[in-house]
Amino acid sequence: MEKKPRHRKKVNHFFKWLSPGIFVKRWLLTSIIGAFMIALGLAIWSNLTPVFRIFEFIFNTLDQITNYIPSHISGPLVLFLGLFLLLWGQTRTLGSITEVLKPDKDEELIDVLWHYRRLNKGTKIVAIGGGTGLSTLLRGLKEYSANITAIVTVADDGGSSGRLRREMGILPPGDIRNCMAALADEEKLLTELFQYRFTAGEGLNGHSFGNLFLTAMTNITGDLEGAIAKSSKVLAIQGKVLPATLEDVTLWARLEDGRVIYGESNIPDAGGKIVELGCNPTNPPATPAVVKAIQQAEYIILGPGSLYTSIIPNLLVPEIREAILNSSAPKIYVCNIMTQKGETDGYTVSDHIKAIDKVCGKKIFDAVLVQGRQPSPEALRKYAEKHCHPVYLDREEVEKLGRRIVKANVMSENRDSAYVRHDPQLLGKVLFRWYSNMPKSKFVKNSKQFLMDISRR
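Values in this document were obtained by computation on a predicted structure and should not be read as measured data.

A. Region of the structure containing the packing of aromatic side chains. Per the stated rule, a full pass over the model turns up 12 aromatic pairs. Their ring planes at 80 degrees and their centres at 5.4 Å tell us that Tyr196 and Phe198 sit as a pair that is edge-to-face. Overall, the relative accessible area of 22% leaves Phe198 in the partly exposed class. With centroids separated by 6.2 Å and ring planes inclined at 35 degrees, the aromatic side chains of Phe209 and Phe213 adopt a geometry described as tilted. One end of the pair, Phe209, and the other, Phe213, are both in helix H10 (residues 209-221), four residues apart, so they sit about a helical turn from each other. Classification of Phe209 by relative accessible area gives partly exposed; the value is 28%. Taking relative accessible area as the criterion, Phe213 reaches 22% and is therefore assigned partly exposed. Among the aromatic side chains, those forming a connected cluster through ring pairs are Tyr144, Tyr299, Phe432, Trp434 and Tyr435.

The structure is reproduced here in structure tokens:
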């Protein structure tokens, strides 16, 4: 591809500074007026009758110029000279600022400012879930808006989070850590740092740095919500990450054979069909900021993630359920690509929807996003060995439940391990395309199934 000449690139960047929404033109004009008023004030203070003197000087100068050079030549010449000096001066000024603020020149300052302004005017989004699914979603959403609030389950009791919960008496930080890393400006570096696990040392072995960091911040600030807020400022997080509740919640699941399994990490390993999910204490209070975020949301997204241990635990908080039900914002559920052993064995798309509706008692979302094409034969074989299969889209049942179907290819597959996951960029693109197309599709409560196969566009 042919590169643009350097001078053209500089001119393009200058005009970016003058484009709407950057808040530069108004301050540039303000500084010019200020400079003029300073000169005028000094003249008045010196009793130089400035208005008369200035106009007299201007008229005399113009008269002298037009005596030697015709006005149709001298006028444009002076005009373009003034514009050249203005553009040159401002370009050099902005260039000097850029050299100080962005010495590595990996990205132009105007591009950073443009991106920042665009994201901060973005849609107010609430994303609800937990586990790796929610952090994957956030990576895609942050390309379109910085007004994101991630509501995260705090029912995790396994691994490093479970140990810290038992030993330190704090809420599990693992899912929150993943979401903060996903929303960070320097995501790659922060993810590597936060995900780093100690492999030696008494007490440290098995813990991730991010979990220990949030634990320390919790002890300093007094609670997890304060720890997240302070950490977000330090780490330049785009958006907010909030725990669904500040209560110490323990999940329980009643299985079809009558057994009751306690603990989020024990439920998938129990090997039975879940017929009821609950928590202790019953009806935990929501974090106040969570309810406010849902009330102000313009777009609400549930999932993707483990149905019974990442998504539904958030809906066990009554205030969250009520806030979502009362919200007029469009709401969509991102269904998993594959079934999950011990949680959703044999589940179809409608089974996922019914499980969420059962907990909420009402229809809580308007549409469901499902994967458009099947994984590769190699991936299907490997997943089948683990008794996992693609979630089947039973269109008629979904239609009976009053949900619109958004069908698209949002999957990425690791060819080496045959591991499938939602692709963050594809997921964000599809979700925002659906959101922007809603007025055109006559999005109303009593309409028929809305099927949009974005993958063919």
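B. Quick look at empty space enclosed by the protein. Here the structure, examined in full by the defined rule, presents one cavity of 30 Å³ or more. One number sums up the size of the largest cavity: a volume of about 60 Å³. Thr153, Val154, Ala155, Ala244, Thr245, Val249, Cys279, Pro284, Pro313, Asn314, Leu316 and Val317 are the residues that line the largest cavity. Classifying every residue of the lining of the largest cavity by side-chain character gives nine nonpolar, three polar and no charged.

C. Representation of the sheet that holds strand E5 (residues 260-262) in the model. Read across the sheet, three strands follow the order E5-E4-E6 without closing on themselves; strand pairing throughout is antiparallel. Looking along the sheet, the strands with just one partner apiece sit at the ends: E5 and strand E6 (274-280). Between one strand and the next, the sheet's axes are offset by a mean angle of 20 degrees, whatever the strand orientation. Summarising the sheet, strand E4 (residues 250-255) and E6 pair through six bridges and their orientation is antiparallel. When the sheet's bridge partners are listed, Leu255 is paired in E6 with Ile274.

What counts as what
- Sequence order as written defines residue numbering, which begins from 1 separately in each chain.
- Reporting of local features is limited, given that this is a predicted model, to residues whose pLDDT is at least 70; pairs of side-chain atoms are given and counted only at 80 or more, and all residues count toward the totals for whole chains, interfaces and linings.
- Values shown for side chains rest on all heavy atoms present in the structure; no hydrogens or waters enter the calculation.
- Only Phe, Tyr and Trp rings take part, Trp by its six-membered ring, and two of them pair if their centres are within 6.5 Å. Stacked means planes under 30 degrees apart, edge-to-face means over 60, and tilted covers everything else.
- We call a residue buried when its accessible area falls under 20% of the maximum for its residue type, exposed when it is over 50%, and partly exposed in between, using a 1.4 Å probe and counting protein chains only.
- Only DSSP runs of H or I covering at least 4 residues are called helices, and only runs of E covering at least 2 are called strands; the numbering of each starts at the N terminus.
- Definitions used for this entry: grid spacing 1 Å over protein atoms alone; cavity, a set of points where a 1.4 Å probe fits but cannot get out; pocket, an open set with protein on both sides within 12 Å along at least 5 of 7 lines; lining residue, one with an atom within 4 Å of a point.
- Grid points are joined across faces, edges and corners, and a volume is the space filled by probe spheres set on the points.
- Amino acids are sorted into nonpolar (Ala, Val, Leu, Ile, Met, Phe, Trp, Tyr, Cys and Pro), charged (Asp, Glu, Lys and Arg) and polar (every other residue, Gly among them).
- By this definition, two strands are paired if DSSP reports at least two bridges between them.
- The axes used here are C-alpha line fits, helices contributing only the stretch in contact, and every angle between their N-to-C directions lies in the interval 0 to 180 degrees.

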